[in-house]
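Listed below, chain by chain, are the residues.
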Amino acid sequence: MRAAARLLAVTTVVLGLVVGTTQPVMAAPKAGPGQWFIKDYGIDKVWKKSTGKGVKVAVIDSGVNTDHEDLKGVVKKSKDFSGLGKDGKTPIGGKTTIHHGTAVAGVIAGRGVGAGPTGVAPDAEILSASMWLGPDRPKESGSTREQADEAVRWAVDSGAKVINMSLGWDDPGWPESWDESFAYAYKKDVLIVACVGNASQGATQAWSPSTVPGVIGVGGLDKNGKVLEDSTAPGTAVDLMGPAKDIPIPYYSGGYAEGQGCSFASPVVSGVAALIRSENPDLSADEVRAKLQSSAEPVDGHKGVSKKGKPDPIVGWGRVDPPGAVKAKVPKNVSSAEDELADWVKMHRRGDAKAEETETAASDETESPKALAPTDIVATQSTPMLGFAVLGAGALIALVLMIISIVAFARRRR
């Protein structure tokens, strides 16, 4: 009997160790289905150090559907600037643009629920500022440039550390009111990121607001790291290049889709900026911008990148390198976004030239997303909770069998 007791004690300890290892532990985030760029750009490596916690990223776009499973709890504050009486959490716009804000928010801070994408900064918080994008702007909706102006100020006052603007106007100019609102953002230590526009939409040069001095203008690359010509536009406003092909996104009405265009390269850069600002809160917006630019890598198939005093109009400083940007030392000479804008205003605001209201503020993507049935993805994925349940059940069965064996052994000894 003593032998049986010892065997039972050992068995209990071993079984305890087995069951103990089945408990879920805190781990770094994992890429969702189809998120090829997470590994290709080394974002998964950065997640071991930072997930964007404590950083608010403002998404000035068509509104974010906060009921989407991949975005529940992500939006901490919202406001509508379209003049349509919405709340920033209700997607607005035409058929080709209404999905846009939800998609962008998912790229930045998606929670990776079910078949959903994991955001570049999955623990960041989103501030949603909705405005009208695309054609058919209702008469009761005011100037889209004024909407953007007010949205930037609101984002700053709401505590944003990064502002993403995956939208643009089809000319490089901007209204004088933006001089003040963007300067206000810089003064309050806010980094602004914007896409440069898509050639597929007729952009022959970078659109505003990427052209505003101090803004990080982002162009698009394909899955091989080469310039995706349809998803970018040239100009001195181009600063960085990011992934713009087959980007998994949450769809505004539920389910998931794939987005194309520099609209989705921009939030990748915004997410990386959030990772940096979370990992080192003492860095200024100017220092984060300098780290992003100084660490950028050459673009495959392109001969050059920007050098001091010689900007490259196609790829800027090059392809964003998230791990490199986090590790990079702050350059000795860090330019000031506020000073750059002030210098531009001093030189160019002598006349009365004004940027006229164009027909729309465009969401920059090459085509409408292709809606994917969530079950097509979920069916190929194992559910972690099921895994733990199976392990637990197996352990219980093993325990029962061992007890039976011990009892039988004891009886034979008698």
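The coordinates are above.
Residues numbered from 1 in each chain as written. Predicted model: local features only at pLDDT ≥ 70, side-chain atom pairs only at ≥ 80, totals over all residues. Heavy atoms only, no water.

**Here's the deal with the sheet that holds strand β8 (residues 238-243)**
Read from one edge to the other, the open sheet built from seven strands follows the order β2-β3-β1-β4-β6-β7-β8, with strand pairing classed as parallel. Sheet topology places β2 (75-80) and β8 at the edges, where each strand pairs with a single neighbour. Within this sheet the neighbouring strands show an average axis-to-axis angle of 25°, counted without direction. Here strand β1 (residues 56-61) pairs with strand β3 (residues 125-130) via six bridges, running parallel. Across the sheet, A58 pairs through a bridge with L127, a residue of β3. Here helix α8 (residues 285-294) sits on the sheet in contact with β6 (191-195), β7 (216-221) and β8, set at roughly 45° to β6. (Pairing = 2+ DSSP bridges. Helix = DSSP H or I, 4+ residues; strand = E, 2+ residues; numbered from the N terminus. Axes fitted to C-alpha atoms, helices over the stretch in contact; angles between N-to-C directions. Contact = heavy atoms within 4.5 Å.)

**A few points about the pairing of β2**
As paired strands, β2 and β3 are joined by five bridges and run parallel to one another. Bridge assignment links S78 to a residue of β3, and that residue is S128. Note on the crossover from β2 through helix α4 (residues 100-109) to β3: the handedness is left-handed. (Right-handed = clockwise from strand over helix to strand, strands pointing away.)

**Details of the nonpolar core**
By size, the foremost hydrophobic cluster in this structure holds 64 residues, and its most contacted members are F37 and L292. It is helix α7 (residues 265-279) that contributes the most residues to this core, eight residues altogether. For F37, the contacting residues outside a window of four places in its chain are I43, V120, P243, I247, P248 and V268. Core analysis: the next-biggest nonpolar cluster, separate from the first, contains 30 residues, A58, V152, A160 and M165 among them. (Core = buried A, V, L, I, M, F, W, Y, C linked by side-chain atoms within 4.5 Å. Buried < 20%, exposed > 50% of the residue type's maximum accessible area, 1.4 Å probe, protein only.)

**Regarding the pairing of β6**
Within β6, five of the five residues are buried, which leaves the element mostly enclosed by the surrounding structure. Both faces of β6 are covered, namely the face carrying L191, V193 and C195 and the face carrying I192 and A194. One ladder, built from four bridges, connects strand β4 (residues 162-165) with β6; its direction is parallel. Opposite V162, over in β6, you have L191 as the bridge partner.

**Some remarks on helix α5 (residues 144-157)**
An ideal rise of 1.5 Å per residue puts 20 Å on 14 residues; α5 measures up with 20 Å between its terminal C-alpha atoms. The buried count for α5 comes to ten of 14 residues, which makes it a mostly enclosed element. Taken as a whole, α5 has its buried residues at T144, R145, Q147, A148, D149, A151, V152, W154, A155 and V156. Buried residues along α5 sit against β1, β2, β3, β4 and α6 (176-187). Where α5 starts, the residue carrying a side-chain oxygen 3.3 Å from the main-chain nitrogen of R145 turns out to be S143. Downstream of α5 by one or two residues, G159 has phi in the positive range, about 95°. (Expected span 1.5 Å × (residues − 1). Polar contact = N/O pair within 3.5 Å; in protein donor to acceptor, adjacent residues only side chain to side chain.)

**Concerning α8**
Burial within α8 is extensive, with seven of its ten residues counted as buried. Listed as buried for α8 are A285, V288, R289, A290, K291, L292 and Q293. The inward-facing, buried residues of α8 abut β6, β7, β8, α7, α9 (322-327) and α10 (337-348).

**Describing the environment of A325**
Tracing the sequence through the fold places A325 in helix α9. Between the alpha carbons of A325 and A296 there is a distance of 7.5 Å; along the sequence they are 29 residues apart. Non-local contacts of A325, meaning those with residues more than four positions away in its chain, are made with I276, K291, L292 and S295.

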